[in-house]
Amino acid sequence: MTSFQSLDAFAAGKLETLDRKALRRQPRETRHSDAVTVERDGRSLINACSNDYLGLAHHPEVIEAAREATARWGTGSGASRLVTGGHPLLFELEARLAAFKGTQDCLVFGSGYLANLAITPALVGAGDLVLIDQLAHACLFAGARLSGARVEVFRHNDMAHLSDLLTTHRASARHAMVLTDGVFSMDGDLAPLPHMLALAEQHDAWTLVDDAHGIGTLGGGRGSAHAFEPAAEAPLQMGTLSKALGSYGGYLCASHTVCELLRSRARPLVFTTALPPASVAAALKALDLIAADPDLCARPLRLAERFCTALGLAKPVSPIVPVVLGSSERALSVSKALEAQGFLVTAIRPPTVPDGTARLRITFSAAHRENDIDRLAASLASLTASVEAAQ
Ligand SMILES: *Cc1c(COP(=O)(O)O)cnc(C)c1O
């Protein structure tokens, strides 16, 4: 057997296992015609699983800003910012994000995933401690493991467990970090930030909150910290430009000193090409639109509430509503039936979510019409009732 053949045999074996568990992922050709409509196999579907919470990825002014930036400055940025310098638009975006989040400084990364690969390893390493919520996003885990620090996982949102782990392990570590999502991406619940920040303060641990789903959707758009009164602001606030801001890229808002350190030390910033001008200009325009229309950011959560009321589900705290169905097969079958009725709601399966909790993850956009939401609720009610009856 050649090495080409042994490699293919290895991949085929792995795929077989995935198929057996209904876990193979096969992205399908899908055209996004507007903020809430997609076309697939010649049919038009209402998109109820996008993270474009404000519909800004298709907003005419955002598109125009990206088009102008491309025409003027080109399609690519050419190199890392440390090599060729950063475009003035990028500095402007960082200043705007820092002002929006109320921090001294901000750093923009190639994506949210890259930001999390960068932040934790730049701050802690061997001899340090990282405490991370069990349901935190995969890229927070990736950053934690990459750092080389000791990683301890606390039960989801369980502050008593976090407190125990800090009491047991903090003293033997030089530095410590606490890592969490602000809004949990697959469950839509919020981290108990006031309690967590108080514990971290008590033990001198640095808290990193990943607010990928909070920026633009909670606290008037400023994020999950502002869903609390008073606001619960962590020293390290990261997020993405790729969801509610309708663009691409990631950011960290923090003190000037911390951002300065990362500018020199964060490898996924130093050794990767800067964002293209179009993405930067689109994010800037998105921030303008958010500032100009305070009601825009409140709309996705209002639609989620309408949906949950219709289905008798608990009141949501973010525009992400999970409908947990258990097995991957069941989640796939309900997703497929919804598609037949005109809705795109992709099934979310392990390892994205824990075994036995495959689900539909429904997300709401400011661009949805109330009528779309009411029809989706009705379809889902009848489908899950019939799936239950068939079992
Ligand atoms: C989507 C997401 C990311 C990754 O952001 P990208 O910009 O898409 O790379 C990070 N954290 C959370 C919680 C996310 O949901």
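Residues numbered from 1 in each chain as written. Predicted model: local features only at pLDDT ≥ 70, side-chain atom pairs only at ≥ 80, totals over all residues. Heavy atoms only, no water.

### Here's the deal with the site of the ligand
Alright, step 1. Taken together, the neighbourhood of the ligand is formed by 14 residues, with G112, D210, H213, T240 and K243 sitting nearest.
Alright, step 2. Take G112: an N or O atom from its main chain is 2.8 Å from an oxygen atom of the ligand.
Alright, step 3. Contacts to the ligand include H213, whose side-chain N or O atom sits 2.6 Å from an oxygen atom.
Alright, step 4. Coverage of the ligand by the protein amounts to 87% of the 380 Å² it exposes when considered alone.
Alright, step 5. Partitioning the shell around the ligand into residue classes produces 3 nonpolar, 8 polar and 3 charged. (Near = heavy atom within 4 Å. Polar contact = N/O pair within 3.5 Å; in protein donor to acceptor, adjacent residues only side chain to side chain. Areas by Shrake-Rupley, 256 points an atom, 1.4 Å probe, with all protein chains shown as cover. Nonpolar A, V, L, I, M, F, W, Y, C, P; charged D, E, K, R; others polar.)

### Looking at the pattern of salt bridges
Alright, step 1. In this structure the tally under the stated criterion is 23 salt bridges.
Alright, step 2. Here R263 makes a salt bridge to E94, at a shortest N to O gap of 4.0 Å. Highlighted residues: R263 in helix 9 (residues 256-265) and E94 in helix 4 (residues 88-101), separated in sequence by 169 residues.
Alright, step 3. E94 gets classed as buried once you look at its relative accessible area, which sits at 4%.
Alright, step 4. D295 is paired through a salt bridge with R302; the nearest N and O atoms lie 3.3 Å apart.
Alright, step 5. Residue class for R302 comes out partly exposed when judged on its relative accessible area of 41%.
Alright, step 6. Residues joined in a network through salt bridges with shared partners are R81, E94, D105, E260 and R263. (Salt bridge = Lys/Arg side-chain N within 4 Å of Asp/Glu carboxyl O. Helix = DSSP H or I, 4+ residues; strand = E, 2+ residues; numbered from the N terminus. Buried < 20%, exposed > 50% of the residue type's maximum accessible area, 1.4 Å probe, protein only.)

### Focus on the domain arrangement of the protein chain
Alright, step 1. When the domains of the protein chain are assigned, the result is domain 1 (23-57 + 294-390) and domain 2 (77-275).
Alright, step 2. The gap between the C-alpha centroids of domain 1 and domain 2 is 27 Å.
Alright, step 3. Summed over both partners, the interface of domain 1 with domain 2 buries about 1,500 Å², with 65% contributed by carbon and sulfur atoms.
Alright, step 4. Remark: the boundary between domain 1 and domain 2 carries 1 salt bridge. (Domains from an automatic or database assignment. Buried area = accessible area lost by both parts, 1.4 Å probe.)

### So, the sheet that holds strand 3 (residues 43-47)
Alright, step 1. The mixed open sheet is built from 4 strands, whose spatial order is 1-2-3-12. The sheet is open, and its two borders are formed by strand 1 (31-32) and strand 12 (343-344), each paired with just one other strand.
Alright, step 2. Note: strand 3 against strand 12, 2 bridges, orientation parallel. Counterpart to I46 in the pairing with strand 12 is F343.
Alright, step 3. Contacts from helix 13 (residues 328-340) reach strand 2 (37-40), strand 3 and strand 12, with the element oriented near 120° to strand 3. (Pairing = 2+ DSSP bridges. Contact = heavy atoms within 4.5 Å. Axes fitted to C-alpha atoms, helices over the stretch in contact; angles between N-to-C directions.)

### Focus on the pairing of strand 3
As a general feature of sheets, a regular strand has side chains that alternate between the two faces.
Alright, step 1. The pairing of strand 2 with strand 3 spans 4 bridges and is antiparallel. Within strand 3, the position partnered with V38 by the bridge is L45.
Alright, step 2. Between the antiparallel neighbours strand 2 and strand 3 lie 2 residues, among them D41 with a positive phi of about 50°.

### Digging into the sheet that holds strand 11 (residues 320-326)
Alright, step 1. One open sheet accounts for 3 strands, arranged 11-14-13; its pairing is antiparallel. At either end of the open sheet lies a strand with only one pairing partner, and these are strand 11 and strand 13 (347-348).
Alright, step 2. Judged from the 2 bridges that link them, strand 13 and strand 14 (residues 358-363) form a sheet pairing that is antiparallel. Paired with A347 across the strands is L360, a residue of strand 14.

### A look at helix 4
Alright, step 1. In this model, helix 4 (14 residues) spans 20 Å end to end at C-alpha, consistent with the 20 Å of a helix rising 1.5 Å per residue.
Alright, step 2. For helix 4, every residue scored as buried is listed here: L89, L90, L93, E94, L97, A98, F100 and K101. (Expected span 1.5 Å × (residues − 1).)

### Notes on the packing of aromatic side chains
Alright, step 1. This structure, assessed with the given rule, holds 1 aromatic pair.
Alright, step 2. Both rings, one in F307 and one in F364, keep their centres 5.2 Å apart while their planes meet at 55°; by these two values the pair is tilted. In this pair, F307 sits in helix 12 (residues 294-311) while F364 sits in the loop between strand 14 and helix 14 (370-390), placing the two residues 57 residues apart along the sequence. For the residue pair F307 and F364, the accessibility class agrees, reading buried in each case. (Phe/Tyr/Trp six-rings, centres within 6.5 Å; stacked < 30°, edge-to-face > 60°.)

### Some thoughts on the nonpolar core
Alright, step 1. Core analysis: the biggest nonpolar cluster contains 62 residues, and L54, L93, L97, V108, L162 and L241 have the highest contact counts within it.
Alright, step 2. Take this core: its biggest share by element is 9 residues, from helix 11 (residues 277-292).
Alright, step 3. Looking at which domains feed residues into this core, each of domain 1 (23-57 + 294-390) and domain 2 (77-275) supplies at least three.
Alright, step 4. Each residue touching L97, except ones within four places of it in the same chain, is listed here: C106, V108, I215, L241, Y251, C253 and L287.
Alright, step 5. Listed in part, the 26 residues of the second largest apolar core include F141, M177, L208 and A266. (Core = buried A, V, L, I, M, F, W, Y, C linked by side-chain atoms within 4.5 Å.)

### Focus on the packing of helix 7 (residues 159-169) against helix 8 (residues 193-202)
Alright, step 1. Closest axis-to-axis distance for the helix 7/helix 8 pair is 10 Å, and the angle between their directions is 10°. It follows from the interaxial angle that helix 7 and helix 8 lie roughly parallel. Here M159, L162, S163 and L166 of helix 7 lie close against helix 8, whose contacting residues are H195, M196 and L199. (Parallel < 35°, antiparallel > 145°, perpendicular 65-115°, else oblique.)

### Some thoughts on the environment of R349
Alright, step 1. Structurally, R349 can be placed in the loop between strand 13 and strand 14.
Alright, step 2. In this structure the C-alpha to C-alpha distance between R349 and L23, which are 326 residues apart in sequence, comes to 6.9 Å.
Alright, step 3. Of note is the side chain of R349, whose polar atom sits 3.3 Å from the backbone oxygen of R24.

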